[in-house]
Amino acid sequence: MNQPGDSGASPPPVDMGRLPALVLTAGLATRLQPLSSIRAKAALPVAGETLVSRILRWLHAAGIRRVVLNLHHRADSITKIVGDGSELGLAVRYSWESEILGSAGGPARAVPLLESDRFLIVNGDTLTNVDLPALAARHVDTNALVTMAVVDANPHYNAIVANEAGIVSGFLKREPGTLGSPGSRFHFIGVQMVNTSVFAGVRPDVKSETVHGIYPALMASRSGAIRIVHTTNDFFDIGAPRDYLRTA
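A brief report on the enclosed structure follows. (Residues numbered from 1 in each chain as written. Predicted model: local features only at pLDDT ≥ 70, side-chain atom pairs only at ≥ 80, totals over all residues. Heavy atoms only, no water.)

### Details of the overall build of the protein
A tally of helices and strands in the protein yields six helices and 13 strands. The 248 residues of the protein split such that 50% are buried. If you sum the accessible surface of the protein, you get close to 11600 Å²; carbon and sulfur atoms cover 50% of it. (Helix = DSSP H or I, 4+ residues; strand = E, 2+ residues; numbered from the N terminus. Buried < 20%, exposed > 50% of the residue type's maximum accessible area, 1.4 Å probe, protein only. Areas by Shrake-Rupley, 256 points an atom, 1.4 Å probe, with all protein chains shown as cover.)

### Overview of helix H4 (residues 132-142)
For H4, the full list of buried residues reads Leu132, Leu135, Ala136, Ala137, Arg138 and His139. Among the structural elements, helix H1 (51-61), strand E6 (118-123), strand E8 (146-152), strand E11 (184-195) and strand E12 (226-230) are those in contact with the buried residues of H4. Regarding H4, its N-cap is Asp131, as a side-chain oxygen of that residue lies 3.1 Å from the backbone nitrogen of Ala134 further along. One or two steps after H4, the chain reaches Asn143, where phi turns positive at roughly 60 degrees. (Contact = heavy atoms within 4.5 Å. Polar contact = N/O pair within 3.5 Å; in protein donor to acceptor, adjacent residues only side chain to side chain.)

### Concerning unusual backbone geometry
For Arg74, which is not glycine, the phi dihedral falls at a positive 45 degrees. Relative to the helices and strands, Arg74 resides in the loop between strand E4 (66-71) and helix H2 (75-82). Under the relative-accessibility criterion, Arg74 is labelled partly exposed at 40%.

### Re the packing of aromatic side chains
Evaluation of the coordinates by the stated rule reveals three aromatic pairs. With centroids separated by 6.3 Å and ring planes inclined at 55 degrees, the aromatic side chains of Tyr94 and Trp96 adopt a geometry described as tilted. Taking relative accessible area as the criterion, Tyr94 reaches 17% and is therefore assigned buried. Given a relative accessible area of 47%, Trp96 falls into the partly exposed group. (Phe/Tyr/Trp six-rings, centres within 6.5 Å; stacked < 30°, edge-to-face > 60°.)

By themselves, these figures tell us nothing about what the structure is for.
Below, the structure is given as structure tokens:
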């Protein structure tokens, strides 16, 4: 994993066994219908193993031992696979959402179950082999509030704009336009580390978002609050049937 603005010194390691992860598995997966009409996206098989099982095995291999999954659509299809997580060497808890709470509301609701001042957030429709200990160490070393794993790209939507030091200056929701500060564009791959304080003012019962919701205010409040780590690792975003078939 390449580090923007790296001076060459490696940051001290993080005790991954004490670091929890939140896997976002509550989504409706409307773009994957009819596949997602009978089970949650994370419960779909990918190369003979369910997506959620592959994500949890990857987290375990990185040293993670405590995981929370948020649930809404076809929740039983996930809980039947994962259970309490013991078969995967994990302690798994569930954060239930009667209505979809979004990328900020979901974590805000899950915070009491995570019981930590920092945690990883992993999209439940993403497969990657990002070096999580390196991501965690960089997050702590730079004193960021949010650290997002990215790959080189110039996407026409949901692009992250950051400078050479890895400090995020903006998010592009649609076709690139003008932002307050220059920088290169990157593609977020659904893995990030956050400080729990990021969600302190977020209501756990109201839908809200991160990138196009609370994150811009964080950037405005403190320089370097949101940073990126650049990776060349594999990345599969299973959003639409074509993506699913290509990955499977």
